[in-house]
Number of protein chains: 2
Amino acid sequence: MPVQLNETHDPALRSWIASANDGTTDFPIQNLPFGVFRRAGSSEQFRIGVAIGDQILDLTLAQQAGIFSAIMDARLAHALASTSLNAFMDLGNGVSSAVRLALSQALREGASAQAALHAILLAQADAEYALPAQIGDYTDFYTSVHHATAVGKLFRPDNPLLPNYKWVPIGYHGRSSSIGVSGQQFRRPIGQTMPPTATTPVFAPAKRMDYECEVGIFIGQGNALGEAIAIDHAEDHVFGMCLLNDWSARDLQAWEYQPLGPFLAKNFASTISPWVVTLEALAPYRKGWTRDAADPQALPYLDHADLRSTGAFDIQLEVLVQTEKMRQDGTPAQRLSLSNFSHSYWTVSQMVTHHTVNGCNLRAGDFLGSGTQSGPLPEEAGSLLELTEGGKKPIILSNGEQRIFIEDGDSIIIRGWTQKDGAPRIGFGEVEGRLLPARNLE
Amino acid sequence: MPVQLNETHDPALRSWIASANDGTTDFPIQNLPFGVFRRAGSSEQFRIGVAIGDQILDLTLAQQAGIFSAIMDARLAHALASTSLNAFMDLGNGVSSAVRLALSQALREGASAQAALHAILLAQADAEYALPAQIGDYTDFYTSVHHATAVGKLFRPDNPLLPNYKWVPIGYHGRSSSIGVSGQQFRRPIGQTMPPTATTPVFAPAKRMDYECEVGIFIGQGNALGEAIAIDHAEDHVFGMCLLNDWSARDLQAWEYQPLGPFLAKNFASTISPWVVTLEALAPYRKGWTRDAADPQALPYLDHADLRSTGAFDIQLEVLVQTEKMRQDGTPAQRLSLSNFSHSYWTVSQMVTHHTVNGCNLRAGDFLGSGTQSGPLPEEAGSLLELTEGGKKPIILSNGEQRIFIEDGDSIIIRGWTQKDGAPRIGFGEVEGRLLPARNLE
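Owing to the predicted nature of the structure, the values given are computational and were not obtained by experimental measurement.

Cut-offs and rules
- Residues numbered from 1 in each chain as written.
- Chains lettered and ligands numbered in written order.
- Predicted model: local features only at pLDDT ≥ 70, side-chain atom pairs only at ≥ 80, totals over all residues.
- Heavy atoms only, no water.
- Phe/Tyr/Trp six-rings, centres within 6.5 Å; stacked < 30°, edge-to-face > 60°.
- Helix = DSSP H or I, 4+ residues; strand = E, 2+ residues; numbered from the N terminus.
- Buried < 20%, exposed > 50% of the residue type's maximum accessible area, 1.4 Å probe, protein only.
- UniProt positions renumbered as here; feature names shortened; annotations may be inferred.
- Pairing = 2+ DSSP bridges.
- Axes fitted to C-alpha atoms, helices over the stretch in contact; angles between N-to-C directions.
- Contact = heavy atoms within 4.5 Å.
- Buried area = accessible area lost by both parts, 1.4 Å probe.
- Salt bridge = Lys/Arg side-chain N within 4 Å of Asp/Glu carboxyl O.
- Polar contact = N/O pair within 3.5 Å; in protein donor to acceptor, adjacent residues only side chain to side chain.
- Least-squares fit on C-alpha atoms with pLDDT ≥ 70 in both.

Caption draft 1: Examining the packing of aromatic side chains more closely. Residue and element names in this part refer to chain B. If you walk through the whole model with that rule in mind, you get 30 aromatic pairs over all chains. Consider the rings of Tyr142 and Tyr165, whose centres lie 5.9 Å apart with planes at 70 degrees: the pair is edge-to-face. A residue pair is termed long-range when its members are at least 10 positions apart, and Tyr142 in the loop between strand E6 (138–141) and helix H6 (145–155) and Tyr165 in the loop between H6 and strand E7 (171–173) qualify at 23 residues. Pair check on accessibility: Tyr142 and Tyr165 agree, each one buried. Centre to centre, the rings of Phe218 and Phe367 are 4.8 Å apart; their planes meet at 50 degrees, and the pair counts as tilted. Taken together, the residues span a long stretch of sequence, with Phe218 in strand E13 (residues 213–219) and Phe367 in strand E22 (residues 367–369) at a distance of 149 residues. The exposure class of Phe218 is buried, given its relative accessible area of 0%.

Caption draft 2: Just the UniProt feature "domain: Fumarylacetoacetase N-terminal" (unreviewed entry) in chain A, in detail. UniProt's feature table lists "domain: Fumarylacetoacetase N-terminal" (unreviewed entry) at residues 30–132 of chain A, given in the numbering used throughout. With 37% helix and 21% strand, the stretch residues 30–132 of chain A has end C-alpha atoms that lie 20 Å from each other.

Caption draft 3: Molecular detail of the sheet that holds strand E9 (residues 184–187) of chain B. Residues and elements named next belong to chain B. With mixed pairing, the five strands of this open sheet are ordered in space as E9-E26-E25-E20-E21. Two strands close off the open sheet at either side, each with one partner strand: E9 and strand E21 (334–340). Going across the sheet, the axis of each strand differs from the next one's by a mean of 20 degrees, ignoring polarity. With seven bridges joining them, strand E20 (residues 316–322) and strand E25 (residues 411–420) adopt antiparallel strand pairing.

Caption draft 4: Up close: the interface of chain A and chain B. Counting from both sides, the interface comprises 60 residues of chain A and, opposite them, 60 residues of chain B. The largest per-residue losses of area from chain A upon contact with chain B belong to A:His173, A:Leu260 and A:Phe263, which jointly make up 14% of the total buried on that side. At the boundary of chain A and chain B, one finds six salt bridges. Taken together, chain A and chain B are joined by 33 residue pairs in polar contact (both at pLDDT 80 or more).

Caption draft 5: View of the relation of the copies chain A and chain B. For the pair chain A and chain B, the best superposition has an RMSD of 0.0 Å and corresponds to a rotation of 180 degrees with a translation of 0.0 Å parallel to the axis. Expressed as an axis order, the relation between the two copies is that of a two-fold axis. In terms of C-alpha distance to the rotation axis, chain A has A:Gly261 as its closest residue, with the C-alpha 2.2 Å off the axis. Mapped onto chain B, 100% of the interface residues of chain A are again interface residues, and the two copies thus contact each other with one and the same surface.

Caption draft 6: View of helix H10 (residues 348–356) of chain B. Extensive coverage of H10(B) is indicated by the burial of nine of its nine residues. The complete set of buried residues in H10(B) reads B:Val348, B:Ser349, B:Gln350, B:Met351, B:Val352, B:Thr353, B:His354, B:His355 and B:Thr356.

Okay, here's the thing in structure tokens:
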């Protein structure tokens, strides 16, 4: 069942931290996303914090200041003092909701905790981040029918959308070890490709480097092996969401992906944003999930009345590029596309339920990718492969540079936010990553 | 470079533990595999041990008895006192080799440590096991060309072996959370299938349940993101090997696997044997790796002269079934197939090098599956799908029962061993797992 609105959603709430009230921040008091941070450049242990305006509240210190005393027990104390969110996620959404309420009360204007908490804030500009959780397993889905159709056309012109697509929330297992947090820099991967006219593969740095604009989903409380999560309880097992860039080497992918799926084309790096926005924070920004009349209805195990009223999330997803030259010239990053998560063919709860219907167990901190979120319009495409029509139509940047795929030194930035009349802007911050040159082959 | 022979391989070595010298044990003093165990039915912490004959030597207690004093330092002490092998694996094969030598010296006839160690042995019959390591990422390869061809024929009759197979060591990411140790029991998975004549998928328990007989490979010291592991150093990053049953639901697989590979058809359970046999123990049992003259040579990054002399492992792989009725009647498990790991088209070092050539990082405790190890002969097939020719040719068991696929209550057992003239039998023990009925759909 979708999260109910409560006092933390009140649009009239204001924080005693001024930057949380400016109407442009991603992190007003109605958001309160969780992350793992430390002072930048320090060797401090990472710790759990919450973003508020342009500041971070350290939850270990906040706990010592007593703001959670009404809900504190040994498990919560242990979880909040941890170096990752896994133990907190494992306590379930009832606990994270109670913590969120205590934070909302302590951070709003007039709160008695203001003096104690003010002293322990850290400016986000002075922080660095770790992954929010130790990701045990990472699964990437493929929930945008617009992306699946566009990419299918390029890989299989005769057969773009496979017959299972509209019945099965297609997903596959990804690589955990190479997931990094925003700011990740990684080398252009090297590997095999088979050029169209060749008879022997070429071994060289990948040429068709791409991004994929995705929403990332952190699992909260998991399920036991053999027990499925029913569709009407799926969101109880979702801690929150962030942004994901699923970097892809299209030329490696085309040669390796049959019959078992993408492997080296993906597992060299994936980058996520540092703040996890809870489903509770997103409750006012839900939309109905719809299917075209021509599409099959979901099978009963993937269907529920609530999906039609609140199954989708109205989250804007913007992708920007900043080339090496743009950085040198002081040119700001330039938008490549803007889409919305509500175009997704499958919902978050359908991903969770499908993943477990066979008895597969999810664990706290497991991570799901939504798949590339392309919308119905060409300018809503979530990858360069789509924007450049398979590399045939270059993108002209405002400084005159052209791009077909990502070049060495390019940064790709994804931003996400939601907003509506009468409710504040809730943002995800951003995920930025940069492609470095390939390692030397000599 | 392959491991060199040393005094631990001496076939004349005998242990003061009589069961290690009987010529039939999997665990003579020349083996010394590592695992994680505790007293069966207890709530003790799991701890690291080594198998010797029908006994287990607890390495925490052995350390207290002083047998590692010449090589001890703080990191090794920490690793040996851990509840999993990850920290020990991360110390690298130089350290595990030194520990193995100390164990060989302490366990051989006439060793001064005999009295102290005898007192701390635990019979394997009184032990239970955990996974040897916390598996961060699990990758399953597809290295048997005989399996790939046979399965390809069933899934794609017109196109059995895809053009990339003989160039690329095909692999894909699997699920870590559902990997269990021998003795695992799991429910028949439920999911979508699309019968040949249907237009709407069926949602029901899987009907075509299968096993896959594989070798499992534990990574020792890993590599940094962005750094590849060269083929001539690949085995330095392999801690050891075990047995793996990659359970598969063929009917789920056929409907879901395009275009991103198997997902729910595999991730409900995978089962591994508890003891990890080091590459050092297997050094006398290496074979040359060969290709048919008609096959392409491996690309240079996957090729090395040592492969031709010692690239392959001569490991017999036997699969057996014991049905519920056989258990009730006291009928022993019956052999379904016998194959050999040396039939593999790709080697262990090629898997490791290919996995990292794009910069993907491996971590200590990561796990690779070899893929189903089918040999060239029909009776060497490593799955029921192959043995029954896609479900068309039932197997008649000696008690009159028939099997096309696995039925509820069936146990599948995989055993592995190697042996040659003038060298003792080295075994892997076994991996056993049992299929339980599907959960109730009401």
